[in-house]
Amino acid sequence: ARDLPFPRLSAYAYWAYAVGGLVFFCSIFFRLAPDGGWFMYPPLTSTAYSPALNADLWLLGIGFIEISAIAGAIELAMGILRTRAPGMSLDRMPIFAWVMLVFSGMVIIAFPAVIIFLPAAGMVSMIIPAMTGVPLVGYRFVVLALVSTGFFSFGLWVHHMFTTGIAQLSLSFASAASMAVSVPTGIQIFAWIATIAGAVRLRPLRVPMLFVLGFFFIFVLGGLTGVMVAVVPFNWQVHDSYFIVAHLHYVLFGGMVFPLFAAFYYWAPFASMRPLSERLGRWAFWLMFIGFNVSFFPMHFTGLAGMPRRVYTYGDIEGWGALNMLSTVGAYLI
């Protein structure tokens with residue numbers, strides 16, 4: 001498209017975001033920063049635990065940011081549907097445009113939690129064909145998988161609430177959605193692998209492709225533990241333990257950060273007119289990849305051994321010290 005359809009709406013979205021961010025971050029200077037935990041969970045956000053305006057300012061800032069996101073989503077969705085370049089039908093759009101269309105629809109309807117993965121998946125679907133010189137295998141299946149992921153995302157977030165006493169029927173639906181989302185995700189992963197396998201000749205592994213391969217390894221491991229925590233009895237056992245911390249980071253760090261770094265290295269010449277250093281990029285990749293796995297893989301075992309989340313210290317008697325030291329070393333590597 002030459003331009004987005006509603007430039008004033010884009011400006012409105014920007015200023016709403018700026019106001020929301022200002023309220024959100026400036027609260028720290030008035031000793032009113034959010035104090036209900038990293039995700040602002042109840043009951044820590046109730047007046048019993050947060051009697052001042054901390055949670056209210058957080059909510060006000062988030063409200064403006066959500067308004068901004070919805071305005072931006074409307075802009076993107078209308079741009080993709082109504083102002084495409086001449087001759088570009090929906091079935092010829094780049095996968096990233098499909099991703100942003102699904103992403104925008106999710107934001108407009110409800111802003112579900114797994115929204116963070118979709119843009120990363122779109123980046124990977126653009127980078128792999130360029131790095132291999134082969135068109136993306138299964139274009140239509142990948143599009144269908146993206147739409148399915150958006151659909152399932154409205155139900156699977158409830159697996160964060162399996163221990164809150166919700167109804168058995170709700171548990172069953174959320175468990176099914178949490179397992180079912182692995183199907184469209186698997187379709188995309190196999191399409192990416194098939195594209196790499198279809199390359200006529202193997203090209204030298206450049207840094208963007210290294211980060212994509214790191215994403216495969218880490219994200220698939222996170223997906224496997226995701227199917228585990230989708231099973232309600234197992235979820236009850238590991239809930240609020242370090243096993244969940246490990247799973248969460250394998251999904252979010254593997255599913256978003258590694259593709260994002262691949263995108264930085266792949267698209268840098270468009271912004272700077274020169275590529276980023278391949279040598280430094282390889283150092284960055286291996287330090288991040290090794291550091292991440294050294295840091296978070298041991299947390300599966302500390303979690304299964306009973307270490308709870310959201311603790312700032314622990315006693316030596318539990319025997320968690322060695323694994324936690326290993327995680328600390330990995331964190332410094334990252």
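Before any of the text, the structure's been laid out above.
Criteria and cut-off values
- The numbering scheme is per chain: residues are counted from 1 as the chain's sequence reads.
- Reporting in this predicted model follows two pLDDT cut-offs: at least 70 for local features of residues, and 80 or more for side-chain atom pairs to be given and counted; totals over whole chains, interfaces and linings ignore these cut-offs and use all residues.
- With hydrogens and water stripped out, all remaining heavy atoms of the structure feed into the side-chain values.
- Helix and strand labels come from DSSP, where a helix needs a run of H or I of at least four residues and a strand needs a run of E of at least two; each type is numbered from the N terminus.
- It is over C-alpha atoms that the radius of gyration is taken, and the globule rule equals 2.2 Å times the number of residues to the power 0.38.
- Three exposure classes are used, based on accessible area relative to the maximum for each residue type with a 1.4 Å probe and protein chains only: buried under 20%, partly exposed in between, and exposed over 50%.
- In this description, accessible areas are obtained by the Shrake-Rupley approach with a 1.4 Å probe, and a residue is regarded as covered only by the protein chains that are shown.
- This count recognises Lys and Arg as positive and Asp and Glu as negative, with His and chain-terminal groups excluded.
- Note that the charge is assigned to NZ on lysines, CZ on arginines, CG on aspartates and CD on glutamates.
- Ring pairs are drawn from Phe, Tyr and Trp, using the six-membered ring of Trp, whenever the two centres fall within 6.5 Å, and their geometry is named by plane angle: stacked under 30 degrees, edge-to-face over 60, tilted for the rest.
- Note on definitions: angles span 0 to 180 degrees between N-to-C directions of axes, and those axes are lines fitted to C-alpha atoms, for helices only across the stretch in contact.
- Crossing handedness: left-handed means the near helix sits turned counterclockwise from the far one by under a right angle, and right-handed means the same turn made clockwise.
- Here a residue-residue contact requires only that any non-hydrogen atoms of the pair lie within 4.5 Å.
- For salt bridges, the criterion is a side-chain nitrogen of Lys or Arg within 4 Å of an Asp or Glu carboxyl oxygen.
- Oblique is the label for any angle not covered by the other classes, which are roughly parallel (under 35 degrees), roughly antiparallel (over 145) and roughly perpendicular (65 to 115).
- Residues are sorted three ways: Asp, Glu, Lys and Arg are charged, Ala, Val, Leu, Ile, Met, Phe, Trp, Tyr, Cys and Pro are nonpolar, and all the rest, Gly among them, are polar.
- Grid points spaced at 1 Å over the protein atoms alone were grouped into cavities, where a 1.4 Å probe fits but cannot get out, and pockets, open sets with protein on both sides within 12 Å along at least five of seven lines, with lining residues defined by an atom within 4 Å of a point.
- Grid points are joined across faces, edges and corners, and a volume is the space filled by probe spheres set on the points.
- Expected helix span is given by 1.5 Å per residue-to-residue step, counting one fewer step than there are residues.
- Working note: the arc is built from the helix axis to C-beta atom directions.

**Some points on the overall build of the protein**
The helix and strand inventory of the protein stands at 12 helices and zero strands. Counting from the amino terminus, helix and strand elements in the protein follow one another as α-α-α-α-α-α-α-α-α-α-α-α. In summary, the protein has a C-alpha radius of gyration of 22 Å against a globular reference of 20 Å for 334 residues, a match within 12%. Going through the 334 residues of the protein one by one, you find that 39% of them count as buried. Summed over all atoms, the accessible surface of the protein reaches about 18700 Å², with 73% contributed by carbon and sulfur. Computing the positive centroid from 15 side-chain charges and the negative centroid from 10, the protein places the two 19 Å apart.

**Quick notes on the packing of aromatic side chains**
By the definition in use, this model includes 27 aromatic pairs. Relative to phenylalanine 258, the ring of phenylalanine 211 has its centre 5.8 Å away and its plane inclined at 50°; by these criteria the two rings are tilted. Of this pair, phenylalanine 211 sits in helix α8 (residues 207-229) while phenylalanine 258 sits in helix α10 (residues 242-272), placing them 47 residues apart in sequence. On the basis of relative accessibility, which here comes to 0%, the residue phenylalanine 258 falls in the buried class. Measuring from centroid to centroid gives 5.6 Å for phenylalanine 211 and phenylalanine 261, while their planes differ by 25°, and the two rings are stacked. Remark: phenylalanine 261 occurs in helix α10 and phenylalanine 211 occurs in helix α8; sequence separation between them is 50 residues. On the basis of relative accessible area, phenylalanine 261 is assigned to the partly exposed category, the value being 26%.

**Focus on unusual backbone geometry**
Although it is not a glycine, methionine 273 sits at a positive phi angle of roughly 65°. Assessed through its relative accessible area of 73%, methionine 273 is described here as exposed.

**Observations concerning the packing of helix α5 (residues 139-156) against helix α6 (residues 168-180)**
Contact pair α5 / α6: the axes reach a minimum separation of 8 Å and the direction vectors enclose 145°. Viewed along their axes, α5 and α6 form a crossing whose handedness is left-handed. Facing Phe152, Gly155 and Leu156 of α5, the residues of α6 in contact are Ala174, Ala177, Ser178 and Ala180.

**Quick word on the side chain of histidine 300**
Note on placement: histidine 300 falls in helix α11 (residues 278-304). Exposure remark for histidine 300: the relative accessible area of 8% places this residue in the buried category. Apart from residues lying up to four places away in sequence, histidine 300 is in contact with Thr225, Phe243, Ala246, His247 and Tyr250.

**A few points about the pattern of salt bridges**
The full count for this structure, using the stated rule, is four salt bridges. Here arginine 206 ties to glutamate 278 by a salt bridge, and the two come within 3.7 Å at their closest N and O atoms. Of this pair, arginine 206 sits in the loop between α7 (182-197) and α8 while glutamate 278 sits in helix α11, and the two are 72 residues apart along the sequence. Taking relative accessible area as the criterion, arginine 206 reaches 40% and is therefore assigned partly exposed. In this structure, aspartate 240 and arginine 310 form a salt bridge, with 2.6 Å as the shortest nitrogen-oxygen distance.

**Digging into the packing of α8 against α10**
Helix-helix packing is described using two parameters, namely the angle between the two axes and the distance between the axes. Close contact between α8 and α10 brings their axes to 8 Å; oriented N to C, the two are set at 160°. The angle between the axes of α8 and α10 places the two elements in the roughly antiparallel class. For the pair α8 and α10, the sense of crossing is left-handed. Grouping the constituent residues of the contact of α8 with α10 by class yields 20 nonpolar, eight polar and no charged.

**Things to note about empty space enclosed by the protein**
Applying the stated criterion across every chain, the model contains one cavity of 30 Å³ or more. By volume, the largest cavity amounts to about 30 Å³. What lines the largest cavity is Arg206, Val207, Pro208, Tyr265, Pro275, Leu276 and Glu278. When the residues that make up the lining of the largest cavity are grouped by side-chain class, the tally is five nonpolar, no polar and two charged.

**Here's the deal with the environment of valine 200**
Inspection of the secondary structure puts valine 200 in the loop between α7 and α8. As for valine 200 and tryptophan 98, which are separated by 102 residues in sequence, their C-alpha atoms are 27 Å apart.

**Some remarks on helix α12 (residues 321-333)**
For α12, spanning 13 residues, the distance from its first C-alpha to its last is 19 Å, which sits close to the expected 18 Å at 1.5 Å a residue. If you check which residues of α12 are buried, you get Asn324, Ser327 and Gly330. For α12, the angular spread of the buried residues around the axis is 115°, confining them to a single face. Along α12, exposed side chains directed more than 90 degrees from the buried face belong to Ala322, Met325 and Tyr332. Here the buried face of α12 lies against α11.

**Focus: the layout of surface pockets**
Of the pockets and cavities examined, the second largest pocket occupies roughly 360 Å³. Mapped by element, the contributors of at least two residues to the lining of the second largest pocket are α2 (54-82) and α3 (95-109). Among the residues making up the lining of the second largest pocket, the classes are represented as 11 nonpolar, two polar and one charged.

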